[in-house]
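These are the residues of each chain, in order.
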Amino acid sequence: MRFVSASPMKKQERHIAKPESPLIVERLSRWDQLEEIRPALENMLQSSAPEVGAFSTYEFLRAWWEAYGDSNGRELFFLACRVSNGDIVAMAPLFREKELRRRVLRLVGDTSDDVDGFDLLAANGFESRAVVAWGQWLAANRSEWSTLELNSVPTGSRLLADFRAVCKSQRFASREVTISHRVIQLPSDWEQYRQRLSSKMRFSISHQMRVAEKKWHPSMRLCQSEAEALQWLALMAKWQNVRWSSRGIRGKFEWNRRRLFYEKFVIGLVRNGDLRFWALVANDQLLAVELGCRFEGRYVGIHPAFDPALAPYSPGVVLRTMILQRLIRDGMERYDFGAGDEKYKLRWANERKTFSNFCCAPHWSQAGLRLQINNVVDCTRKMVKSLLMGWSAA
């Protein structure tokens, strides 16, 4: 990831090395305010916990807001934490929207079903102080919000753990559910990874690679320019829409806002050097593509697609095999599939992690009472399931 030059980084590190400084919470509601503090935001992202990923970057936040921010009465609601000298050491990248009578705060990126893995941001050493400051601000400004939803956050996030504790101290009702998240921890060579796979998957990969070599003699290309990225993106959208329409379902990319988001996000990734947009090519024709990005030694696969007419030859399997081989050669640490336990992910990745959907509200508010009722329902379901399993075992 490219950030600001070394000199601003040193200045930022000197300032944030004072954890005893009191934190002041300030709401930022305009992009020009965020543009002014962009270097601080990028420095903070670099010094944040390792689970914070590519979807907390300025490029992602800006692209998502420009595509989706003007719907449903949404308002920017970034909560910045400053130390006494004015330096920003933490940021909650939120937006507010109205749902019926509720004012809901959510992380920028949520609700659109494009990517997974968001988080709050805090410089190293300021995580707990920042969460306490946010909790105090929320308690003192209850007229500004009804519900806070922190969805698709890594379950092991340090900031989320602190938020759980702050909710108890501020007497906020809360509820949390988890969703599966598949990753591949990449070894040092391809054969080591291959041996982790089932014998059926190993055979399938070898067979598909032989068929592809015999039929196409394909190669893999990496996107090199904004113009090329937009061309590949348009082709990816076309393939996806054809595939879904054949099942009588509206394709994901038929939504103009989604196309706009991906175009802006991809251009931002090209400019900072983190785009990893791969294509399987034969005779100058694209057979399959995979949109992804790099972040701090990790690769995130965002969207794969292939020519539906070539489905019997599994060009997507061939391309992913070549991508994994390349990532291993390049020393990447992890391939991230994103949320979900779809069958194709299970064939490639046997390591399961989780994202959390965490929601909180003032304890005695209507939203808070609803959360408490849902918690009781969840506990009752678990208890009944446990009793039924015990009876069946007996």
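Model, not experiment: these values are computed from the prediction.

So, the pairing of strand β15 (residues 351-362)
Here strand β8 (residues 147-154) pairs with β15 via 5 bridges, running antiparallel. Note that in β15 the partner of Val153 across the bridge is Ser356.

Some points on helix α9 (residues 226-245)
With 20 residues, α9 should cover 28 Å at 1.5 Å per step; its first-to-last C-alpha distance of 28 Å lies within 8% of that length. For α9, the set of buried residues is Glu228, Ala229, Trp232, Leu233, Met236, Ala237, Trp239, Gln240 and Asn241. Against β10 (219-222), α10 (256-272), β11 (275-282), β12 (285-295) and β13 (298-306) lie the buried residues of α9.

A closer look at the packing of aromatic side chains
Aromatic ring pairs are reported here in terms of the distance separating the ring centres and the angle at which the planes meet. Tallied over the entire structure, the rule returns 24 aromatic pairs. Judged by centre distance (5.7 Å) and plane angle (85°), the ring pair of Trp31 and Tyr58 falls under edge-to-face. In this pair, Trp31 is assigned in helix α2 (residues 31-36) and Tyr58 in helix α4 (residues 58-68), connecting sequence segments 27 residues apart. Take Trp31: its relative accessible area is 13%, and that puts it in the buried class. With a centroid separation of 5.5 Å and 80° between ring planes, the pair formed by Trp232 and Phe277 is classed as edge-to-face. Here Trp232 is found in helix α9, whereas its partner Phe277 is found in strand β11, with 45 residues between them in sequence. Both residues of the pair, Trp232 and Phe277, belong to the buried class. Among the aromatic residues, ring-to-ring pairing joins Phe55, Phe60, Trp64, Trp65, Tyr68, Phe95, Phe118, Phe261, Tyr262 and Phe265 into one connected group. Seen from the ring of Tyr313, Lys215 lies directly overhead, with NZ or CZ sitting 4.6 Å from the centre. The positively charged end of Arg243 is found above the aromatic ring belonging to Trp244, 5.8 Å away from the centroid.

With respect to the sheet that holds strand β3 (residues 78-82)
Strand order in this open sheet of 4 strands is β1-β3-β4-β7, and the pairing throughout is antiparallel. With partners counted over all chains shown, the strands left at the sheet margins are β1 (24-28) and β7 (121-122), one partner each. Bridge count for β3 against strand β4 (residues 88-92) is 4 bridges, and the pairing is antiparallel. From the neighbouring strand, Arg82 faces β4, where its bridge partner is Ile88.

Remarks on the environment of Met44
Among the secondary structure elements, Met44 is positioned in helix α3 (residues 38-47). In this structure the C-alpha to C-alpha distance between Met44 and Asp70, which are 26 residues apart in sequence, comes to 27 Å. Contact partners of Met44, with chain neighbours within four places excluded, come to Ile88, Val89, Ala90, Met91, Leu121, Ala122 and Ala123.

What to know about unusual backbone geometry
One non-glycine residue, Asp113, lies in positive phi territory at about 60°. Topologically, Asp113 is positioned in the loop between β6 (102-107) and β7. The residue Ser152 is not glycine, and still its phi comes out positive at about 60°. Within the secondary structure layout, Ser152 lies in strand β8. The exposure class of Ser152 is buried, given its relative accessible area of 6%.

A look at the side chain of Thr147
Following the sequence through the fold, Thr147 ends up in strand β8. Assessed through its relative accessible area of 1%, Thr147 is described here as buried. A distance of 3.2 Å separates the side chain of Thr147 from the side chain of Arg102, its partner in a polar contact.

Examining the pattern of salt bridges
Scanning the entire structure with this criterion turns up 33 salt bridges. A salt bridge links Arg27 to Glu75, with the nearest nitrogen and oxygen atoms 4.0 Å apart. Taken as a pair, Arg27 in strand β1 and Glu75 in strand β2 (residues 75-76) lie far apart in primary sequence, 48 residues in all. Exposure remark for Arg27: the relative accessible area of 27% places this residue in the partly exposed category.

A few points about the pairing of β13
Counting buried residues in β13 gives 7 out of 9 residues, a clear majority hidden from the surface. Sheet analysis places β12 next to β13, joined by 8 bridges and oriented antiparallel. Paired with Phe295 across the two strands is Arg298, which belongs to β13. Linkage of β12 to β13, two consecutive antiparallel strands, is achieved through a turn of 2 residues, within which Glu296 is found at a positive phi near 50°. Direction of pairing for β13 relative to strand β14 (residues 334-339): parallel, over a ladder of 3 bridges. Its bridge partner being in β14, Val300 is matched across the sheet by Asp336.

How each quantity is defined
Residues numbered from 1 in each chain as written. Predicted model: local features only at pLDDT ≥ 70, side-chain atom pairs only at ≥ 80, totals over all residues. Heavy atoms only, no water. Pairing = 2+ DSSP bridges. Helix = DSSP H or I, 4+ residues; strand = E, 2+ residues; numbered from the N terminus. Expected span 1.5 Å × (residues − 1). Buried < 20%, exposed > 50% of the residue type's maximum accessible area, 1.4 Å probe, protein only. Contact = heavy atoms within 4.5 Å. Phe/Tyr/Trp six-rings, centres within 6.5 Å; stacked < 30°, edge-to-face > 60°. Lys NZ or Arg CZ within 6 Å of the ring centre and 35° of its normal. Polar contact = N/O pair within 3.5 Å; in protein donor to acceptor, adjacent residues only side chain to side chain. Salt bridge = Lys/Arg side-chain N within 4 Å of Asp/Glu carboxyl O.

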